[in-house]
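# What the coordinates show
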Amino acid sequence: MTQYRLEKRREPSRFMLYATPVAAVALTMIIGAIIFSAIGYNGIGAVREIFLTPLTNSFKWQDLGVKAAPLIIIGVGLSIAYRANVWNIGAEGQYIMGGLAATWVALASHGAGGWWTLPVMMLAGIVGGAAYAAIPALLRTRLNVNEILTSLMLTYASVQLIYYLVRAPWKDPMGMGFPQTRRFASEALLPNIIPGTIVHAGVPIAIIVALVAWFIMSRSVFGYQMRVVGAAPHAARYGGFSENKTIWLALLVSGALAGLAGMLEVAGPFQRMVPGFPTNYGFTAIIVAFLGRLNPLGVIFAGIVMAITFVGGEVAQTTIGLPNAATGVFQAMMLFFLLAGDILVRYRLKRVIPQAERPA
Amino acid sequence: MTLGLAIAIIVTVVGASTPILIAALGELVVEKSGVLNLGVEGMMLVGAIAGFVIVFTTGNHYLAILLAAAAGVAASMIFAFLTLSLSANQTATGLALTIFGTGFSALAGQGYSARPVTLLGPLFPAELATHPVGRVLFGYSALVYFSLIMVFVVWWFLKKTRAGLILRAVGENDQSAHSIGYSVIGVRYAAVAFGGAMAGIAGACFPLLLTPQWAERMTAGRGWIAVALVVFASWKPFRLLAGAYLFGLVMTMELYAKAGGGPLSAIPAELWAAMPYLATVVVLVLISIRRDASSNAPACLSRPFLPSN
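Structural notes, computed from the coordinates.

Basis of the calculations
- Residues numbered from 1 in each chain as written.
- Chains lettered and ligands numbered in written order.
- Predicted model: local features only at pLDDT ≥ 70, side-chain atom pairs only at ≥ 80, totals over all residues.
- Heavy atoms only, no water.
- Core = buried A, V, L, I, M, F, W, Y, C linked by side-chain atoms within 4.5 Å.
- Buried < 20%, exposed > 50% of the residue type's maximum accessible area, 1.4 Å probe, protein only.
- Helix = DSSP H or I, 4+ residues; strand = E, 2+ residues; numbered from the N terminus.
- Contact = heavy atoms within 4.5 Å.
- Salt bridge = Lys/Arg side-chain N within 4 Å of Asp/Glu carboxyl O.
- Phe/Tyr/Trp six-rings, centres within 6.5 Å; stacked < 30°, edge-to-face > 60°.
- Expected span 1.5 Å × (residues − 1).
- Polar contact = N/O pair within 3.5 Å; in protein donor to acceptor, adjacent residues only side chain to side chain.
- Nonpolar A, V, L, I, M, F, W, Y, C, P; charged D, E, K, R; others polar.

## Here's the deal with the nonpolar core
In terms of nonpolar packing, the biggest core is built from 206 residues, with A:Ile74, A:Val76, A:Tyr82, A:Met121, A:Phe290 and B:Trp224 touching the most fellow members. Considering each element in turn, this core owes the most residues, 14 residues, to helix 9 (residues 184–210) of chain B. Aside from chain neighbours lying at most four places away, what touches A:Phe290 is A:Tyr82, A:Trp87, A:Leu335, A:Leu338 and B:Ala92. Ranked by size, the runner-up nonpolar core spans six residues in total, among them B:Ile7, B:Val14, B:Val144 and B:Tyr145.

## A few points about the pattern of salt bridges
All names here are of chain A. Under the counting rule described, the total for this entry stands at five salt bridges over all chains. Close ionic contact of Glu-314 with Lys-67 constitutes a salt bridge, the shortest N to O distance being 3.9 Å. In this pair, Glu-314 is assigned in helix 12 (residues 296–320) and Lys-67 in helix 3 (residues 61–83), connecting sequence segments 247 residues apart. Note on Glu-314: relative accessible area 40%, which makes it partly exposed.

## Quick notes on the packing of aromatic side chains
Enumeration according to the criterion identifies 20 aromatic pairs over all chains in this entry. Considering the side-chain rings of A:Phe270 and A:Phe277, the 5.1 Å spacing of their centres and the 65° angle between planes classify their relative orientation as edge-to-face. Aromatic pair B:Phe124 and B:Tyr145: ring centres 5.2 Å apart, planes at 80°, arrangement edge-to-face. With B:Phe124 in the loop between helix 4 (90–108) and helix 5 (132–138) and B:Tyr145 in helix 6 (residues 142–160), this pair connects stretches of sequence that are 21 residues apart. In this structure B:Phe124 comes out as partly exposed when scored by relative accessible area, which is 30%. An aromatic cluster is defined as three or more aromatic residues linked by ring pairs; in this entry it consists of A:Tyr95, A:Phe270, A:Phe277, A:Tyr281 and A:Phe310.

## Comments concerning helix 6 (residues 147–167) of chain A
All names here are of chain A. Between its first and last C-alpha, helix 6 extends 30 Å over 21 residues, near the 30 Å set by a 1.5 Å rise per residue. The element helix 6 is extensively covered by neighbouring structure, given that 16 of its 21 residues are classed as buried. Backbone nitrogen of Ile-148 and a side-chain oxygen of the N-cap are separated by 2.7 Å at the start of helix 6; the cap is Asn-146.

## A word on unusual backbone geometry
Residue and element names in this part refer to chain B. Positioned with a positive phi, Arg-217 is a non-glycine residue whose angle comes to about 55°. Relative to the helices and strands, Arg-217 is located in the loop between helix 9 and helix 10 (222–232). Not every positive phi belongs to a glycine, and Trp-235 is a case in point at roughly 60°. Topologically, Trp-235 is positioned in the loop between helix 10 and helix 11 (237–259).

## Focus on the environment of B:Ala74
Residue and element names in this part refer to chain B. Checked against the element boundaries, Ala-74 lands in helix 3 (residues 61–85). A relative accessible area of 47% places Ala-74 in the partly exposed class. The spacing of Ala-74 and Lys-236 is 162 residues in sequence and 26 Å in space, taken between C-alpha atoms.

## Here we look at the interface of chain A and chain B
Counting from both sides, the interface comprises 37 residues of chain A and, opposite them, 45 residues of chain B. At the boundary of chain A and chain B, one finds one salt bridge. Taken together, the connections running from chain A to chain B amount to one residue pair in polar contact (both at pLDDT 80 or more). Top contributing element to the side of chain A that touches chain B by residue count: helix 6 of chain A, with eleven residues. Each residue belonging to the side of chain A that touches chain B can be placed in one class, and the counts come to 31 nonpolar, four polar and two charged.

Here you go:
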């Protein structure tokens, strides 16, 4: 009988680093088809509709761009934070606060806006997201409170803040009782960049954000500091990098980007603040960051893959009646396979010949 | 406040605290073994839908609790395999388990929303609970007594038994536990399975004890509060009991503020709803002001184990 043993690699395999995300997506398609068949759905049909139809149907490409944009922007921020070993998992809350801050600008300037409205909203979104991420940063650096729990608890609180604002002070008086704000004035809405489609200015912004972040992370002292503090805190201290400063930067940058995504969503697809604004992009972006290997360029591809599953999930719902929740299961499976495959980055499988079978 | 109202509040607090207490006791044992499983929320949702579906189809509450525990164990084994056998990152894998549990429970619960079930009734005969004092002592379902007994059991196991000593040794110093012949990975698998069972039962509390129906994400972050409570309780079961009841009180205040007028209802309902989460942040802050929060944490918490030989 042949046995296998794990042997530690001298250094992490670059091939496996980039091969495992691809393998994770492929495995999700294969195992997903089997599992969904086993529980009574058309498994192969589900995989085809979720993963392939959005790519083969060119009408869906604009949806892909619109869905991928917030995932890429938030995912880039999270990948920077996770690189520094800072576990911001409250991006959903920072996205919400960015959206709320932008909404405030849009409502306050309603009827008195101008060319400056969108830039100010963008700034408000960035500041709103960063300010909300500053709370876990302050608590972590001053009091050593775990940022995982605080950033997440603040997300639950921010959802309630939306409910309060759209039901009371910001409620549209002409909204026939619906809990939502008025529709933003035209100068507070993101322009469409391709006429006749739903593709808004947030899509190119997402690509620019990722490219700039890639450049900064790979070419600047800032990027080097984030990577060193995350990978080897002791060496970082020896090298004069402050751990607290890194934590602050990681949370502020990831919060600011989540807030920017919130602004782009509220001024783009939503056009007003509604109770349904928490879209889970902040949580899905966690998967995007990992699938993109915490590399801003990888995050572009991972964001598109995740957008495919969202758009494909909607297709599968209408064509073969697959419940919408199936998308979440596919996404989680992808993350499981990716994390499981990580062992092959650090270890190699080695064939072991048992003693007894060895020729004398 | 009338006696009747006071007793009604106590009974509500106990109910609201029970799922958090059960889940947190499970996580406490997991963390004592040196593993940080952030998938509690996901395992609770898996337990909630399993419990709901079983009680909906069979009407048997105890079978529902049992199978919810089994479902929680099954979910926890995904985490255990990835983190213990493949030494995947525990934080990331725990998050993945929560994302999975949320999606899986929503998928499995498709078509079950707004279908009522009956709540699990009190364990003792109604005559015992007619007197106010009797109601406070004997007016609860079996899940409540289970949670209280488990506080004692977990304390006794960790403090007084040899197996508990081994578990703590594994969590404090995995390399030496390994070198004197204990199976670090085996002990951790067992601890994670126990945590999964407890989270599954805690999830089942939602449809069986609190609201007799299934709703997506019905645990609403209680699993994360349970994780925070373990830190709050500095890994001590009886402090966990106090912490869980404190949170039950905060949640109950929301109900009473919404229902009856008075000064409490001047505060917006949304602020009341946000209170448990804000309270968690406040509690985490207070605990770290009082002392270094990590001082009581098991030394090997969330470190993957690789035998040095």
